[in-house]
Amino acid sequence: MVFPRMYFDPVDHNYIYIALRNQIKRVAVTQCGMYGTLRDCIGSMDPFCGWCGVTKRCCLQKECTAPSWISIAKDSFQKELISFQVISLIPGEINLTVYLHLEATESLPLTCTFKAGSVDLCTSPVAHFPSCSCNFPEKDLSSDRLKVTVTVNISDQIFTDSLTLRSCPNITENTQSDAQCTACVSAGCYWNNSGMKCTWTPKSAPYVHIQDICKQSSSEKNNMEVQERTRPPDSESRTYGGRRPGKTPAPPRESRLRHE
């Protein structure tokens, strides 16, 4: 329902006044309390809502008396709470880094576990809010796909995600570059636009959204195809006035007879 007369509270913009026929009501602009877990609270993508670490509820920041208030990252452009990248640190060793797209008013205790089936993928994962990392041997990726379960514990909220890891240089099964790009970035790998191939993620590479990088790749490919179609033919195949350049035309027959 849309009310024709709504005004922000001049003192607190978390509330609005609605002018009804016989009364004026002051209501909150959001209903954070309807979300019962950190994941649901953040997944709502409501910029007003965040998770209060002490009261264990989704609320406005002003309603959280503790300093630990967790919210969506200001530059977040996706609904996924977790993203990941695979990095080749040294030959034979892979680093898996998981990113939480969160911000907090203070540094929070964070723990993570990484399991391939029932086996720990690494023995000593490193966790510093908002990321966790795990180093493991590259030989563990010898199969086409490695299923990894990540369990994250933050502010007494536990949630899990299933990741599918692949050997980045081997993601070449699809001939369509845009589909190959999507498969590459979805596996936490790095898509090289100039070489149109999938590689391990460089250590300094920022996280990119699949739609952004693969849209750019598709655009560059289309530009190359347009340039190829509009490129003029080689100079040797051009004709000038119906003849090839550099070749002297034969004199007219009448001129040859008169000369003889």
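All figures in this text were calculated on a predicted structure; none of them were measured in a lab. (Residues numbered from 1 in each chain as written. Predicted model: local features only at pLDDT ≥ 70, side-chain atom pairs only at ≥ 80, totals over all residues. Heavy atoms only, no water.)

A.B. asks: I keep staring at the overall build of the chain and nothing clicks. Help me out?
C.D. replies: From N to C terminus, the chain includes 4 helices and 17 strands. Considering the chain as a whole, with its 260 residues, one finds that 35% of them fall into the buried category. In the chain, once contacts between residues fewer than 6 apart in sequence are set aside, the share between residues at least 24 apart is 47%. Total accessible area computed for the chain in this model is approximately 16500 Å², and 52% of it derives from carbon and sulfur atoms. (Helix = DSSP H or I, 4+ residues; strand = E, 2+ residues; numbered from the N terminus. Buried < 20%, exposed > 50% of the residue type's maximum accessible area, 1.4 Å probe, protein only. Contact = heavy atoms within 4.5 Å. Areas by Shrake-Rupley, 256 points an atom, 1.4 Å probe, with all protein chains shown as cover.)

A.B. asks: I'm lost on the pairing of strand E3 (residues 24-28) in this one. Help?
C.D. replies: On any regular strand, side chains alternate: one points to one face of the sheet, the next to the other face. Bridge analysis of strand E2 (residues 15-19) against E3 gives 5 bridges, and the strand direction is antiparallel. Along E3, the bridge assignment pairs isoleucine 18 with lysine 25. (Pairing = 2+ DSSP bridges.)

A.B. asks: Sorry if this is basic, but what is going on with the sheet that holds strand E12 (residues 126-128) here?
C.D. replies: The strands making up a sheet are joined through hydrogen bonds of the backbone, oriented either antiparallel or parallel. A sheet is described by the order of its strands in space; here 4 strands give the open sequence E7-E8-E13-E12, paired in antiparallel fashion. Every interior strand has two partners, whereas the edge strands, strand E7 (82-90) and E12, have only one. For this sheet, the mean angle separating the axes of adjacent strands, direction not counted, is 20 degrees. Bridge count for strand E8 (residues 93-100) against strand E13 (residues 131-137) is 7 bridges, and the pairing is antiparallel. For threonine 97, the partnering residue across the bridge sits in E13 and is serine 133. (Axes fitted to C-alpha atoms, helices over the stretch in contact; angles between N-to-C directions.)

A.B. asks: Would you mind showing me how to read the confidence of the model for the chain here?
C.D. replies: Caution is warranted with low-pLDDT regions, since their predicted coordinates should not be read in detail. The predicted model of the chain averages 77 in pLDDT, with 72% of residues at 70 or higher. When the elements of the chain are averaged for pLDDT, helix H4 (residues 253-259) gives the smallest value, 48, and strand E10 (residues 110-116) the largest, 95. Between residues 235-247, whose pLDDT stays under 50, and residues either more than four places distant or in other chains, the model counts 10 contacts. (pLDDT = per-residue confidence, 0-100.)

A.B. asks: Help me out: how do you make sense of the environment of serine 71 in this one?
C.D. replies: Within the secondary structure, serine 71 sits in strand E6 (residues 69-72). As a C-alpha pair, serine 71 and histidine 101 span 30 residues in sequence and 8.9 Å in three-dimensional space. Non-local contacts of serine 71, meaning those with residues more than four positions away in its chain, are made with Ile42, Cys49, Gly50, His101, Leu102 and Glu103.

A.B. asks: Hey, could you run me through the pattern of salt bridges in this one?
C.D. replies: Once the charged atoms of two side chains with opposite charge are near each other, the side chains can pair. Per the stated rule, a full pass over the model turns up 4 salt bridges. Note that lysine 115 is salt-bridged to aspartate 120, the shortest N-O span being 2.6 Å. Judged by relative accessible area, lysine 115 falls into the partly exposed class, the value being 32%. One salt bridge in this structure joins lysine 139 and aspartate 140, with 3.6 Å as the shortest N-O distance. Looking at lysine 139, the relative accessible area reads 62%, which means it is exposed. Aspartate 140 gets classed as partly exposed once you look at its relative accessible area, which sits at 28%. (Salt bridge = Lys/Arg side-chain N within 4 Å of Asp/Glu carboxyl O.)

A.B. asks: Looking at this structure, I do not really get the pairing of strand E14 (residues 146-154). What am I missing?
C.D. replies: On E14, burial follows the alternation: Leu146, Val148, Val150, Val152 and Ile154 on one face are buried, whereas Lys147, Thr149, Thr151 and Asn153 on the facing-out side are not. Here E14 pairs with strand E15 (residues 157-165) via 9 bridges, running antiparallel. Across the sheet, residue valine 150 finds its bridge partner in E15, namely aspartate 161. Adjacent in sequence and paired antiparallel, E14 and E15 are bridged by 2 residues, among which serine 155 carries a positive phi angle near 50 degrees.

A.B. asks: Honestly, unusual backbone geometry in this entry has me stumped. Any pointers?
C.D. replies: Note on backbone geometry: most residues besides glycine have negative phi, and most peptide bonds are trans. Residue proline 130 follows phenylalanine 129 across a cis peptide bond; omega there is 10 degrees. Take proline 130: it is sitting in the loop between E12 and E13. Of note in this structure, lysine 56 is not a glycine but carries a positive phi near 60 degrees. Turning to its location among the elements, lysine 56 is positioned in the loop between strand E4 (50-52) and strand E5 (57-59). A residue is classified by how much of its surface remains accessible, and lysine 56, at 33% relative accessible area, is partly exposed. In this structure, serine 155 is a non-glycine residue whose phi angle is positive, near 50 degrees. Using a relative accessible area of 12% as the deciding quantity, one classes serine 155 as buried.

A.B. asks: Any chance you could explain the state of the cysteines here in plain terms?
C.D. replies: Every disulfide links exactly two cysteines, by a covalent bond between their sulfur atoms. This structure, assessed with the given rule, holds 7 disulfides. Across the disulfide from cysteine 41 sits cysteine 58; the S-S distance is 2.1 Å. Where cysteine 41 bonds to cysteine 58 through sulfur, the torsion about that S-S bond is close to 65 degrees, and the disulfide is right-handed. Remark: cysteine 58 occurs in strand E5 and cysteine 41 occurs in helix H1 (residues 38-43); sequence separation between them is 17 residues. Like cysteine 58, cysteine 41 is buried. For cysteine 59, which is in no disulfide, the shortest distance to another cysteine sulfur is to cysteine 52 and amounts to 4.8 Å. Under the relative-accessibility criterion, cysteine 59 is labelled buried at 0%. (Disulfide = S-S within 2.5 Å.)

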